[in-house]
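Residue-level listing of the chains:
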Amino acid sequence: MNPPNALSTPVSSPNTPQILNIATRKSPLALWQAEHIKARLLALYPDLQVNLVTFVTQGDKILDTSLSKIGGKGLFVKELEQALLDGRADLAVHSMKDVPMDLPEGLELAVICEREDPTDAFVSNQYKKLADLPIGARLGTSSLRRCSQLQHYRPDLRIVDLRGNVGTRLSKLDAGEYDAIILASAGLLRLGLGDRIRERLDPTLSLPAVGQGALGLECRIGDTRVSDLIAPLADAKTNSCVRAERAFNHRLMGGCQVPIAGFATLKQGEMTLQGRVGSIDGQELLKDEIVGDPAQAELLGKTLADRLLAAGADRLLAQVNIFPDQDAQLIPSSDQHH
Ligand SMILES: NCc1[nH]cc(CCC(=O)O)c1CC(=O)O
């Protein structure tokens, strides 16, 4: 029964079930995403044995401090990447929004899946849309990108810090701590909470974060067993859009938490990449866009970033980064601002 190569590749033998260990965070959204990828893989390979290996990351533990202060987005993925590097897991499922621009040596984002709704969602128990918020209303978000754009649109709003996983954030809204909050539509939809979305914010008002709404699958470079298994889950269009967005972000900053938005779309074979860099108070908001060939996605991203840097983004980003302790300066609480 055994093929001639059974000894050199025992794991591929028809008699041994193939095992794939997926590293995931324990938050309900992360678990949903990992289960989703598991289900898609099982639909392709009914005999595959897929295990979820859960981790609590630094980012999950630290909820009361600004993430920018403690090292930014990498905190949600480091433990998962360590598990890939030392073989405790074969695959990590990420929200692309949370994946830093530079991956550790030896790992790659082999697959980017089809994007879910990329917009930001306005969520409130009292108000049907953002424009209905009264003067001075308390709006919850801890994203500098959302803060900058929303304050630009409505300088009167009081942006109040909001942390925790999606369920925690909704509970804080329901407890009356905020008049409204902003969350990613994708996370709410995945968790079956789409009915909490009052308004999907138009990208002209709140341009999404780089990678928002897309899932990325990370594995070891050269692990062709895993990259072959997951290859059918890739979405070429989302892949080129997210590559453009990440090249844009990479050229501007790297992976830290900064008021940068980047969003690419495809229409009739052409890519449009929109980018924004703002000041946290929203007083300044630089906007630009570039149209071109999706085959040149990374060049488009880099070119748009260079244009924004020339227009003053370098100065705005420097303001964000000069504080060694960003926390106090960067997460405006209601009292600091008004
Ligand atoms: N920063 C946390 C995070 N990372 C990814 C999502 C949502 C899902 C996605 O963008 O794919 C969220 C929650 C949110 O921003 O409301």
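Owing to the predicted nature of the structure, the values given are computational and were not obtained by experimental measurement.

A. The overall build of the chain, seen in detail. Along its length, the chain carries 11 helices and 13 strands. Looking at the 338 residues of the chain, the share that counts as buried comes to 52%. For the chain, long-range pairs separated by at least 24 residues make up 70% of all intrachain contacts whose partners lie at least 6 apart in sequence. Carbon together with sulfur atoms contributes 51% to the accessible area of the chain, which is approximately 14800 Å² in total.

B. Fine view of the site of the ligand. Surrounding the ligand, one finds Leu 29, Ser 95, Lys 97, Asp 98, Arg 146, Leu 183, Ala 184, Gly 187, Arg 190, Gln 212 and Gly 213. Within the side chain of Arg 190, a nitrogen or oxygen atom sits 3.0 Å from an oxygen atom of the ligand. Protein coverage of the free-state accessible area of the ligand, which is 390 Å², stands at 87%. Contributions of two or more residues to the shell around the ligand are made by strand 8 (180-184) and helix 6 (185-190). In terms of residue class, the shell around the ligand is made up of 3 nonpolar, 4 polar and 4 charged. Two domains each provide a minimum of three residues to the shell around the ligand, namely domain 1 (18-113 + 213-234) and domain 2 (120-200).

C. Structural context of the sheet that holds strand 11 (residues 260-267). A sheet is described by the order of its strands in space; here 3 strands give the open sequence 11-12-13, paired in antiparallel fashion. Either end of the sheet is taken by a strand with one partner, and the two such strands are strand 11 and strand 13 (285-292). The average angle at which neighbouring strand axes cross in this sheet is 15°, direction not considered. With 8 bridges joining them, strand 12 (residues 270-278) and strand 13 adopt antiparallel strand pairing. Residue pairing in the sheet places Gln 274 in a bridge with Glu 289 of strand 13. Packing against the sheet, helix 8 (residues 236-252) makes contact with strand 11 and strand 12, and its axis sits at approximately 150° to strand 11.

D. View of unusual backbone geometry. Even without glycine at this site, Gln 268 takes up a positive phi of about 45°. Mapped onto the elements of the fold, Gln 268 is located in the loop between strand 11 and strand 12. Look at Gln 268 and you get exposed, because its relative accessible area is 81%.

E. Structural context of the nonpolar core. Judged by nonpolar contacts, the single largest core of 40 residues is most densely connected at Leu 130, Leu 133, Leu 139, Phe 248 and Leu 252. Only helix 4 (144-153), strand 8, helix 8, strand 11, strand 12, strand 13 and helix 9 (297-321) provide two or more residues apiece to this core. Taken domain by domain, this core gets at least three of its residues from each of domain 2 (120-200) and domain 3 (235-321). Setting aside residues no more than four positions away along its own chain, Leu 133 makes contact with Phe 122, Tyr 127, Leu 139, Arg 154, Leu 157, Asp 179 and Ala 180.

F. Inspection of the pattern of salt bridges at higher detail. Tallying each qualifying case throughout the model produces 17 salt bridges. Note that Asp 90 is salt-bridged to Arg 220, the shortest N-O span being 2.9 Å. With Asp 90 in the loop between helix 3 (78-85) and strand 3 (91-95) and Arg 220 in strand 10 (residues 215-220), this pair connects stretches of sequence that are 130 residues apart. In this pair, the class of Asp 90 matches that of Arg 220, namely buried. Taking the shortest distance from any N to any O, the salt bridge between Asp 117 and Arg 200 comes out at 2.5 Å. One end of the pair, Asp 117, is in the loop between strand 4 (107-112) and strand 5 (120-123); the other, Arg 200, is in strand 9 (residues 199-200), with 83 residues separating them in the sequence. The class of Arg 200 is partly exposed, set by a relative accessible area of 45%. Within the structure, one salt-bridge network assembled from shared partners comprises Asp 90, Arg 220, Asp 223 and Arg 225.

Calculation criteria
- Residues numbered from 1 in each chain as written.
- Predicted model: local features only at pLDDT ≥ 70, side-chain atom pairs only at ≥ 80, totals over all residues.
- Heavy atoms only, no water.
- Helix = DSSP H or I, 4+ residues; strand = E, 2+ residues; numbered from the N terminus.
- Buried < 20%, exposed > 50% of the residue type's maximum accessible area, 1.4 Å probe, protein only.
- Contact = heavy atoms within 4.5 Å.
- Areas by Shrake-Rupley, 256 points an atom, 1.4 Å probe, with all protein chains shown as cover.
- Near = heavy atom within 4 Å.
- Polar contact = N/O pair within 3.5 Å; in protein donor to acceptor, adjacent residues only side chain to side chain.
- Nonpolar A, V, L, I, M, F, W, Y, C, P; charged D, E, K, R; others polar.
- Domains from an automatic or database assignment.
- Pairing = 2+ DSSP bridges.
- Axes fitted to C-alpha atoms, helices over the stretch in contact; angles between N-to-C directions.
- Core = buried A, V, L, I, M, F, W, Y, C linked by side-chain atoms within 4.5 Å.
- Salt bridge = Lys/Arg side-chain N within 4 Å of Asp/Glu carboxyl O.

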